Amino acid sequence: VPPKRPSPPPPNVKVYEQYVIGMLTNFPSLPLDRIHNMLKMFVAEPAYDKSADQLEGFLNQLVAEDKVVLEGTQYRRRAA
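Predicted model, so just to flag it, every value in this text is computed and none were measured. (Residues numbered from 1 in each chain as written. Predicted model: local features only at pLDDT ≥ 70, side-chain atom pairs only at ≥ 80, totals over all residues. Heavy atoms only, no water.)

Participant: What is the right way to read unusual backbone geometry from this model?
Facilitator: Residues other than glycine predominantly adopt negative phi, and peptide bonds predominantly adopt the trans conformation. Going from glutamate 45 to proline 46, the amide bond is cis rather than trans, its omega being -5°. For proline 46, the position within the fold is in the loop between α2 (32-42) and α3 (52-64). (Helix = DSSP H or I, 4+ residues; strand = E, 2+ residues; numbered from the N terminus.)

Spelled out as structure tokens, the structure:
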């Protein structure tokens, strides 16, 4: 069985980048499920209604853009 590929992020998910960067500024590193749960709890405008797969695709995009680093299962902010 090939590994599961994350869903591509929807175009409007880019709005959540500032929240993710803010979380990773306050916490040294976070796993996908924790980022997902925090976005569901704290983002009201626009309401966060994405799946974990969509978030993973978005975070992988931030990794590709060199804004976030993935180490094992933990995401952290790219050091300046």
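Participant: Looking at this structure, how should I read the packing of aromatic side chains?
Facilitator: To describe a pair of aromatic rings, one takes the distance between the centres and the angle between the planes. Evaluated as defined, the whole model comprises 1 aromatic pair. Residues tyrosine 16 and tyrosine 48 carry aromatic rings whose centres are separated by 5.2 Å and whose planes lie at 85° to one another, so their mutual orientation is edge-to-face. Taken together, the residues tyrosine 16 in the segment before α1 (17-26) and tyrosine 48 in the loop between α2 and α3 connect sequence positions 32 residues apart. What makes tyrosine 16 buried here is its relative accessible area of 2%. Lying over the aromatic face of phenylalanine 27, arginine 34 brings its terminal NZ or CZ to 5.0 Å of the ring centre. (Phe/Tyr/Trp six-rings, centres within 6.5 Å; stacked < 30°, edge-to-face > 60°. Buried < 20%, exposed > 50% of the residue type's maximum accessible area, 1.4 Å probe, protein only. Lys NZ or Arg CZ within 6 Å of the ring centre and 35° of its normal.)

Participant: Could you clarify how one ought to interpret the packing of α1 against α2 in this entry?
Facilitator: Between two packed helices, what matters for the description is the angle formed by their axes and the separation of those axes. Axis separation between α1 and α2 bottoms out at 11 Å; the angle between their running directions is 120°. As the angle between them shows, α1 and α2 are arranged oblique. Between α1 and α2 lies a crossing of right-handed hand. Contacts between α1 and α2 involve Tyr19, Val20 and Met23 from the former and Ile35, Met38 and Leu39 from the latter. Residues that form the contact of α1 with α2 fall into these classes: 6 nonpolar, no polar and no charged. (Axes fitted to C-alpha atoms, helices over the stretch in contact; angles between N-to-C directions. Parallel < 35°, antiparallel > 145°, perpendicular 65-115°, else oblique. Left-handed = near helix turned anticlockwise from the far one by under 90°. Contact = heavy atoms within 4.5 Å. Nonpolar A, V, L, I, M, F, W, Y, C, P; charged D, E, K, R; others polar.)

Participant: Would you mind showing me how to read the packing of α2 against α3 here?
Facilitator: Orientation of α2 relative to α3, taken along the N-to-C sense of each, is 110°, at an axis distance of 10 Å. Viewed along their axes, α2 and α3 adopt a mutual orientation that is roughly perpendicular. For the pair α2 and α3, the contacting residues are Leu32, Ile35, His36 and Leu39 in the first and Ala52, Leu55, Glu56 and Leu59 in the second. By residue class, the composition of the contact of α2 with α3 is 6 nonpolar, 1 polar and 1 charged.

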